[in-house]
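Working through the structure, step by step
Take a look at the letters that make up each chain.
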Amino acid sequence: MSNNKKSKKWLEPRVELPTAQYRLITLASFVLPILIWCLVSYVPFIWHPNVQITDPGGVGYFKEGMMLKREVFDTESAKMASESKALPHGIPANPIYLPAPDEVVRALYTSFTTEPQRRSEQWLHESLWHSITVVFTAFFLSSIIAVPLGIICGTYAAASRLTEPFVEFFRYLPAPAFGALAVAVLGIHDGPKIAIIFIGTFFQQVLIIANTTRKLDLSLLEAALTLGAKRLQLLFKVVIPGVLPELYRDQRILLGWAWTYLIVAELIGTSSGITWFITQQARYKNFDNVFAAIFIIGVIGLLSDIILSRLGKRLFPWDKSSNKA
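Reference entry: report on the structure contained in this document. The residue numbers shown here count from 1 along each chain, following its written sequence. Owing to the predicted nature of the model, reporting of local features is limited to residues with pLDDT of at least 70; listing and counting of side-chain atom pairs is limited to 80 or more, with chain, interface and lining totals taken over all residues. The basis for every side-chain value is the complete set of non-hydrogen atoms in the structure, without hydrogens or water.

Across the 11 residues that make up helix H12 (residues 273-283), a large majority, 8, are buried. Accessible area is worked out with a 1.4 Å probe on protein chains only. A residue is then buried under 20% of its type maximum, exposed over 50%, and partly exposed in between. Strands are runs of DSSP state E lasting at least two residues, helices are runs of H or I lasting at least four, and both sets are numbered from the N terminus onward. Every buried residue of H12 is listed here: Gly273, Ile274, Thr275, Trp276, Phe277, Ile278, Gln280 and Gln281. Whether two residues are in contact is decided by their heavy atoms: any pair within 4.5 Å suffices. Looking at the buried residues of H12, the elements they touch are helix H4 (101-113), helix H5 (124-155), helix H11 (262-266) and helix H13 (287-315). Note on H12: the residue one or two positions beyond its end, Lys285, has a positive phi of about 60°.

We now examine the nonpolar core. By size, the foremost hydrophobic cluster in this structure holds 38 residues, and its most contacted members are Leu124, Val135, Ile197, Trp259, Leu262 and Ile274. Among the secondary structure elements, those contributing two or more residues to this core are H4, H5, helix H6 (157-170), helix H8 (190-214), helix H10 (231-260), H11, H12 and H13. Here Trp259 is in contact with Ile132, Val135, Phe136, Ile297 and Ile300, once residues within four sequence places are set aside. Core analysis: the second largest hydrophobic core is formed by 11 residues, Leu221, Ala224, Val238 and Leu247 among them. Residue types Ala, Val, Leu, Ile, Met, Phe, Trp, Tyr and Cys, when buried and joined through side-chain atoms within 4.5 Å, form a set referred to as a nonpolar core.

For any two helices packed against each other, the geometry is given by the interaxial angle and the distance between the axes. A fitted line through C-alpha atoms serves as each axis, taken over the contacting stretch for helices, and the angle formed by two N-to-C directions is quoted from 0 to 180°. It is at 7 Å that the axes of H4 and H5 come closest, and there the two elements cross at 85°. Taken as axis vectors, H4 and H5 run roughly perpendicular relative to one another. The segment H4 lies against H5, with Leu108, Ser111 and Phe112 engaging Leu124, His125 and Leu128. Think of it as three bins: nonpolar holds Ala, Val, Leu, Ile, Met, Phe, Trp, Tyr, Cys and Pro, charged holds Asp, Glu, Lys and Arg, and polar takes everything else, Gly as well. Within the contact of H4 with H5, the residues separate by chemical class into 4 nonpolar, 2 polar and no charged. Under this scheme an angle from 65 to 115 degrees is roughly perpendicular, one under 35 degrees roughly parallel, and one over 145 degrees roughly antiparallel; angles in between are oblique.

Everything listed here is a matter of geometry and, on its own, says nothing about what the molecule does.
Written as structure tokens, this is what we have:
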């Protein structure tokens, strides 16, 4: 195949790419953002609005390692020059809230290996495990109710008309708005956090799963009825097996939604989990630890999605969309 045809294939809609190109593009999706981050962090003329002091010169309040805005540095330098005093020296720097990649990597390592400096702080792995427990508990409780309800709504018009109008209304209500009520009813510990994630995912699940169920080929239902299938047989022998692969993919996506509610949920009641770790580190301006915690959340989410994707290929080997490269 000529290079021209290869380049055109990249732009053809819904066409599978060769394995090598697929892996290359997948790798680029991670490399490009990291490359931009490195350029911003390490190339002084791209974006370094601050100055880090290397020599305070004659400025009394300047300290070595101090970071300040370039305008302030220039003003003090001009003032020292007019007074014939020693000029301060500094290097271009990014704000403290934008650490460089190597600082975040070191913070990620030390967060797992170095004991917290303050007695009130937790290890990063302790905070992470607590948050993972909250997310998966809330999502499991949400799913065991929403999945059957969504399937029933997608199968039977009467159930849909009875349930979905209210669900449509309720899904627009912001889940964090129920925080005070959740604390009053469930206490200040993990109960309200689980409730907020439950509310944030339950109503979306019902609607998405109902819509997925409606996509089942109607001819399959007609064939089953023609062959004498009863109502429960139609549901358990035709509808559920027919939509299982799509439902599985829906759950993978909806699990990501549960993670997006985590930070807000963990601020309700007693602060805990990874949110507590992030807020504590931000309070002491340890933004490298903040970025490290955010990064590890993304890694956990990505790894769990990859594991679920691989599991889906084994569970549903007949489903073509689950087994694409």
